[in-house]
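Structural overview
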Amino acid sequence: MTATRKGQDMGLRGQRIVVIGGTAGIGLAVAEAAGQEGARVVVASRRQENVDAALKRLPADAEGRVLDASDEGAVRDFFAGLGGYDHLVYTAGEALLMERLAESDLGRARAFLDTRLWGAYTAVKYGAPSIREGGSVVLTTGTAARRPLPGTTVAAALCGAMESLTRALALELAPLRVNVVAPGVVRTELWRELGAEERDGLFGSVAGSLPVGRIGEPADVAEAYLYLMRGGYSTGSTVVVDGGTLLV
């Protein structure tokens, strides 16, 4: 029985999954769902207190590491000391950047891309060699490339780049599978820079416009990551989980 076929038959049980950005939001939901399936999870993020809090919610065999995903040397050392594993999930990112072009700060824009785009690129560069046969990489993008709004120029550029990066990596790293998930509006910490009233207003407005009648929760989106880890015939794919955003 090949490693790939074995992974499909057993789901994620016994597999080792690394989730960079796995201490909050969608990343933590992925780690929790994978742990419930019997996977051994390694979560990493920038702050020790976030790692400690996440480990309290994960199975006892989960591991946690502090990692600045924008620091190439730190990412290289992280994977050098990690050992073999089966799947790499990348969900790391700071608060969403929403600002109109005329008022935009290029320093903030570059920092936004450093973690979300170049951090993912660096993680795959140093992490791919340790992924076992039959494993995969699952990255994270969004719907802004396909449905941009005023004030989302940086986010739209990022999302388009992530989809293109995924397709290129799927060819360059084959037979290692590389896919990306595109969430819509999801209730996570990434909206924390908006005031409570503005955030609630946005969530309510979006929910009212969607066919599903609500915004997403991290657990909704986590299912897509698990599908892509299990699904041995998917590569170079973008899986959209948006409640129907692209339809309306």
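In this report, we go over the structure that sits alongside the text.

**Focus on the overall build of the protein**
The helix and strand inventory of the protein stands at eight helices and seven strands. The C-alpha atoms of the protein give a radius of gyration of 17 Å, which matches the 18 Å a tight globule of 248 residues would have. With the C-alpha coordinates aligned to their principal axes, the bounding extent of the protein is approximately 55 × 40 × 40 Å. Out of the 248 residues belonging to the protein, those deemed buried represent 48%. At a minimum sequence separation of 6, the contacts of the protein that also span at least 24 residues come to 70%. For the protein, the exposed surface amounts to about 11800 Å²; the carbon and sulfur share of it is 53%. Looking at the protein, you have 26 positive and 29 negative side-chain charges, and the mean spots of the two groups are 4 Å apart.

**Remarks on the sheet that holds strand E5 (residues 131-140)**
In spatial order, the strands read E3-E2-E1-E4-E5-E6-E7; together these seven strands make up an open sheet with parallel pairing. Only two strands of the sheet have a single neighbouring strand rather than two, namely strand E3 (63-66) and strand E7 (238-241). Taken over all neighbouring pairs, the strand axes of this sheet differ in orientation by 20 degrees on average, direction set aside. In this structure, strand E1 (residues 16-20) lies alongside strand E4 (residues 85-90), joined through four bridges in parallel fashion. Within E4, the residue paired with Ile20 across the bridge is Tyr90. Sheet strands touched by helix H4 (residues 72-80): E1, strand E2 (40-45), E3 and E4. Its angle to E1, the strand with the most contacts, is close to 165 degrees.

**Focus on the packing of aromatic side chains**
Summed over the entire model, instances satisfying the criterion amount to three aromatic pairs. With a centroid separation of 5.4 Å and an interplanar angle of 70 degrees, the aromatic rings of Trp118 and Tyr121 are classed as edge-to-face. Note that Trp118 and Tyr121 are positioned in helix H5 (residues 106-127) at a spacing of three residues, about one turn of the helix. In this structure Trp118 comes out as partly exposed when scored by relative accessible area, which is 47%. For Tyr121, a relative accessible area of 42% gives the class partly exposed. What links up through ring pairs into an aromatic cluster is the set Phe78, Phe79 and Tyr85.

**Regarding the packing of helix H2 (residues 25-36) against helix H8 (residues 218-230)**
At a closest axis distance of 8 Å, the pairing of H2 and H8 adopts a crossing angle of 60 degrees. On the basis of their axis angle, the class for H2 and H8 is oblique. The two elements H2 and H8 meet at a crossing, and its hand is right-handed. Seen from H2, the contacting residues are Gly25, Ile26, Ala29, Val30, Ala33 and Ala34; seen from H8, they are Pro218, Ala219, Val221, Ala222, Tyr225, Leu226 and Met229.

**Concerning the pattern of salt bridges**
For the coordinates displayed, the defined rule picks out eleven salt bridges. Salt-bridge contacts for Arg132 lead to Asp86; the nearest nitrogen and oxygen are separated by 2.9 Å. Of this pair, Arg132 sits in strand E5 while Asp86 sits in strand E4, placing them 46 residues apart in sequence. Of the charged contacts in the structure, one is a salt bridge between Arg214 and Asp220, with a shortest N-O distance of 2.8 Å. Through salt bridges that share partners, Arg16, Glu63 and Arg65 make up one connected network.

**Thoughts on the packing of H4 against H5**
One way to put it is that H4 packs onto H5 with a least axis distance of 9 Å and a crossing angle of 35 degrees. You can see that H4 and H5 cross each other, and the crossing is right-handed. Together, Glu72, Val75, Arg76 and Phe79 of H4 and Thr122, Ala123, Lys125, Tyr126 and Gly127 of H5 make up the contact between the two elements. Taken together, the residues of the contact of H4 with H5 sort by class into four nonpolar, two polar and three charged.

**Quick notes on the environment of Phe78**
Here Phe78 is to be found in helix H4. Take Phe78: its relative accessible area is 8%, and that puts it in the buried class. With 52 residues separating them along the chain, Phe78 and Ile26 place their C-alpha atoms 22 Å apart. Once you skip the residues sitting within four places of it in the chain, Phe78 turns out to touch Val18, Ile20, Ala44, Arg65 and Leu67.

Reading the values: rules and limits
- Residues numbered from 1 in each chain as written.
- Predicted model: local features only at pLDDT ≥ 70, side-chain atom pairs only at ≥ 80, totals over all residues.
- Heavy atoms only, no water.
- Helix = DSSP H or I, 4+ residues; strand = E, 2+ residues; numbered from the N terminus.
- Rg over C-alpha atoms; globule rule 2.2 N^0.38 Å.
- Buried < 20%, exposed > 50% of the residue type's maximum accessible area, 1.4 Å probe, protein only.
- Contact = heavy atoms within 4.5 Å.
- Areas by Shrake-Rupley, 256 points an atom, 1.4 Å probe, with all protein chains shown as cover.
- Lys, Arg positive; Asp, Glu negative; His and termini not counted.
- Charge placed at Lys NZ, Arg CZ, Asp CG, Glu CD.
- Pairing = 2+ DSSP bridges.
- Axes fitted to C-alpha atoms, helices over the stretch in contact; angles between N-to-C directions.
- Phe/Tyr/Trp six-rings, centres within 6.5 Å; stacked < 30°, edge-to-face > 60°.
- Parallel < 35°, antiparallel > 145°, perpendicular 65-115°, else oblique.
- Left-handed = near helix turned anticlockwise from the far one by under 90°.
- Salt bridge = Lys/Arg side-chain N within 4 Å of Asp/Glu carboxyl O.
- Nonpolar A, V, L, I, M, F, W, Y, C, P; charged D, E, K, R; others polar.

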